[in-house]
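Residues per chain are reported as follows:
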Amino acid sequence: MLYDLCIFLYLCGVAVASLFSEKVKKMWRGERQAIGVLKEKVEPGARYVWFHAASLGEFEQGRPLMERIRKEHPELKILLTFFSPSGYEVRKDYAGADIICYLPLDTPRNARRFLRAIRPEMAFFIKYEFWYNYLHILRHRGVPTYSVSSIFRPGQIFFRWYGKQYGHVLRCFTKFFVQNEQSKSLLESIGINNVSITGDTRFDRVLQIKGQSKQLDIIDAFVAPRQGERVRVFVAGSSWQPDEDIFIPYFEGHSDWRLIIAPHVVSEEHLQQIESKLSGRKVLRYSKATPTTAAEADCLLIDCFGLLSSIYRYADVTYVGGGFGVGIHNILEAAVWGKPVVFGPNNQNFQEAQQMKQSGGHEISSYSDFAALMDGFIEKPETIAEEGQKAADYVSSKAGATDLILSQVAFK
């Protein structure tokens, strides 16, 4: 069928691209080794629940479910698969799963070999994952299969006249746990009624992250008052160059604000680029900082991973990058701390951004937008707390998807 032809052509493209890209090479190698990993690590007679996440963001959505199942059903083991190296390489040592590997590309042979090796009791596909061959074999074998935190839009192939054949893949799911009413209505319009609106598990995850946040001595020293001055802190997370070109110039005329910048790309070239834009500031890289040196800096450059979700707590105002490129990053990690969140215009496909525009979220499209927003916060500092509270209330109001989903999953 056409789908299998497309997969074959994609496979050929990946094979060629792996010669030139280290990232693609890791994915290519990992996919080919996956069956061997399973044969080595699968315990005979063990009962496995399979979670598949395309990348890191989907992993975070599935994580609350994995950890609850692990806690409440210790008799079950967790298999976690990734498609992208950006997910696998970061979480390959995740302690919440028993086996972690890449998912081999969706050919009939790969799907049969993979499922024969693991024989899962149930499977969870996170958000956008619709692998035709894997899903059809799961259905043929009678394995309960769930789509979690999925979201559907009218433009997707399933709802177009030319996507009718591929749309049959949706009938392989035992149940859809979708984020909103539109998704439910779209599925029902093509005859799929096994749908429940449960929301997005990311809200549960960011509340979980907040409860597990780290105490950061260097940040504590950086934000501490000096000689009785009033401290205001601006935290920019997952920023790209277009984001930095917007917010950095503003603070040239507002030296009373301290900046914490955690760029999305932590490369030497990018770090030096940011430092050159902050030439009038005393900039310190986190990896070279001590509490003593941090207490003397007025801009802290985060050149490592894993700290951002804890750093947002120190902000007065937060900025989440990506909105002037492929799309904004995780604004919920900032909002959960009760902070106003600023982001760029490319957010139309992010439901939480659309909703947060009325609840502590602020879209900007230019430097003048950003400057006007920050000037307003400075003129009326009480609005910072008010907008932050709206953001925190929004996150709290959307929690509970994990409970709703697991209450509708039948465990043997």
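Residues numbered from 1 in each chain as written. Predicted model: local features only at pLDDT ≥ 70, side-chain atom pairs only at ≥ 80, totals over all residues. Heavy atoms only, no water.

**Student:** I keep staring at the side chain of arginine 285 and nothing clicks. Help me out?
**Tutor:** Here arginine 285 is to be found in strand S10 (residues 283-285). With relative accessibility at 11%, the residue arginine 285 sits in the buried group. Each residue touching arginine 285, except ones within four places of it in the same chain, is listed here: Glu268, Leu271, Gln272, Glu275, Leu301 and Asp303. (Helix = DSSP H or I, 4+ residues; strand = E, 2+ residues; numbered from the N terminus. Buried < 20%, exposed > 50% of the residue type's maximum accessible area, 1.4 Å probe, protein only. Contact = heavy atoms within 4.5 Å.)

**Student:** Just checking my understanding: could you explain the packing of aromatic side chains for this structure?
**Tutor:** Aromatic rings considered in pairs are described by the distance between their centres and by the relative angle of their planes. Here the structure, examined in full by the defined rule, presents 33 aromatic pairs. Their ring planes at 85 degrees and their centres at 4.9 Å tell us that phenylalanine 59 and tyrosine 94 sit as a pair that is edge-to-face. On the criterion of sequence distance, the pair formed by phenylalanine 59 in helix H3 (residues 56-72) and tyrosine 94 in the loop between helix H4 (85-91) and strand S3 (99-102) is long-range, its members being 35 residues apart. For the pair shown, phenylalanine 59 and tyrosine 94 are each scored as buried. Seen in terms of ring centroids, phenylalanine 247 and tyrosine 319 are 5.3 Å apart; in terms of plane orientation they differ by 55 degrees. Their pairing is tilted. With phenylalanine 247 in helix H10 (residues 241-250) and tyrosine 319 in strand S12 (residues 317-320), the pair connects residues that are 72 residues apart, well separated along the chain. Of the residues examined, phenylalanine 247 reaches a relative accessible area of 0% and is grouped as buried. (Phe/Tyr/Trp six-rings, centres within 6.5 Å; stacked < 30°, edge-to-face > 60°.)

**Student:** Any chance you could explain helix H5 (residues 108-118) here in plain terms?
**Tutor:** Each α-helix winds once per 3.6 residues, and so residues spaced three or four apart point in a common direction. Within H5, burial applies to Asn110, Ala111, Phe114, Leu115 and Ile118. One face of H5 carries all of its buried residues, which in axial projection span an arc of 115 degrees. Backbone geometry just downstream of H5 places arginine 119 in the positive-phi region, at approximately 45 degrees. (Arc of directions from axis to C-beta.)

**Student:** Whenever I open this one, the sheet that holds strand S9 (residues 257-263) confuses me. Can you help?
**Tutor:** What links the strands of a sheet is backbone hydrogen bonding, and the strands pair in either a parallel or an antiparallel sense. Pairing in this open sheet of 7 strands is parallel, and the strands run S10-S11-S9-S8-S12-S13-S14 from one edge to the other. The outermost strands of the open sheet, each flanked by one partner alone, are S10 and strand S14 (361-363). On average, adjacent strands in this sheet sit at an angle of 20 degrees to one another, irrespective of strand direction. Looking at chain direction, S12 and strand S13 (residues 341-343) are connected through 3 bridges and run parallel. Bridge assignment links valine 320 to a residue of S13, and that residue is phenylalanine 343. Sitting on the sheet, helix H11 (residues 268-277) touches strand S8 (232-239), S9, S10 and strand S11 (299-301), and the angle it makes with S10 is about 160 degrees. (Pairing = 2+ DSSP bridges. Axes fitted to C-alpha atoms, helices over the stretch in contact; angles between N-to-C directions.)

**Student:** Help me out: how do you make sense of unusual backbone geometry in this one?
**Tutor:** Keep in mind that most residues, glycine aside, have a negative phi and that most peptide bonds are trans. Unlike most non-glycine residues, arginine 119 shows phi in positive territory, near 45 degrees. Tracing the sequence through the fold places arginine 119 in the loop between H5 and strand S4 (122-126). Owing to a relative accessible area of 55%, arginine 119 belongs among the exposed residues under this scheme.

**Student:** Explain a positive patch on the surface here, please?
**Tutor:** A cluster of basic side chains, namely Lys39, Arg109, Arg112, Arg116, Arg119 and Arg141, defines a positive patch on the protein surface. A total of 3 residues in the positive patch trace back to one element, the largest contributor, which is H5. With respect to the helices and strands, arginine 116 occurs in helix H5. Since its relative accessible area comes to 44%, arginine 116 is described here as partly exposed. (Patch = residues over 30% accessible without salt bridge, like charges linked within 9 Å, V, L, I, M, F, W, Y side chains within 5 Å. Areas by Shrake-Rupley, 256 points an atom, 1.4 Å probe, with all protein chains shown as cover. Salt bridge = Lys/Arg side-chain N within 4 Å of Asp/Glu carboxyl O. Lys, Arg positive; Asp, Glu negative; His and termini not counted. Charge placed at Lys NZ, Arg CZ, Asp CG, Glu CD.)

**Student:** Just checking my understanding: could you explain the environment of serine 185 for this structure?
**Tutor:** In this structure, serine 185 sits in helix H7 (residues 181-189). On the basis of relative accessibility, which here comes to 35%, the residue serine 185 falls in the partly exposed class. Sequence separation between serine 185 and valine 195 is 10 residues, and the spatial gap between their C-alpha atoms is 9.3 Å.

**Student:** Looking at this model, I keep getting lost on the pattern of salt bridges. Mind explaining?
**Tutor:** Oppositely charged side chains may form a pair once their charged atoms are brought near each other. A complete count under the given rule lists 20 salt bridges for this structure. The partner of glutamate 268 in a salt bridge is arginine 285, and the shortest N-O contact between them spans 2.9 Å. Pair noted here: glutamate 268 is in helix H11 and arginine 285 is in strand S10, with a separation of 17 residues, a long-range link. Judged by relative accessible area, which is 42%, glutamate 268 ranks as partly exposed.

**Student:** Please explain the pairing of S9 as it appears in this structure.
**Tutor:** Along any regular strand the residues' side chains alternate between the sheet's two faces. Taken across its 7 residues, S9 has 7 buried, putting it largely inside the fold. Inspection of the sheet shows S8 paired to S9 by 7 bridges, in the parallel sense. By the bridge assignment for S9, arginine 232 is matched with tryptophan 257. Crossover connection from S8 via H10 to parallel S9: handedness right-handed. Both S9 and S11 contribute to a ladder of 3 bridges, which runs parallel. Residue pairing for S11: isoleucine 261 is matched across the bridge by leucine 301. (Right-handed = clockwise from strand over helix to strand, strands pointing away.)

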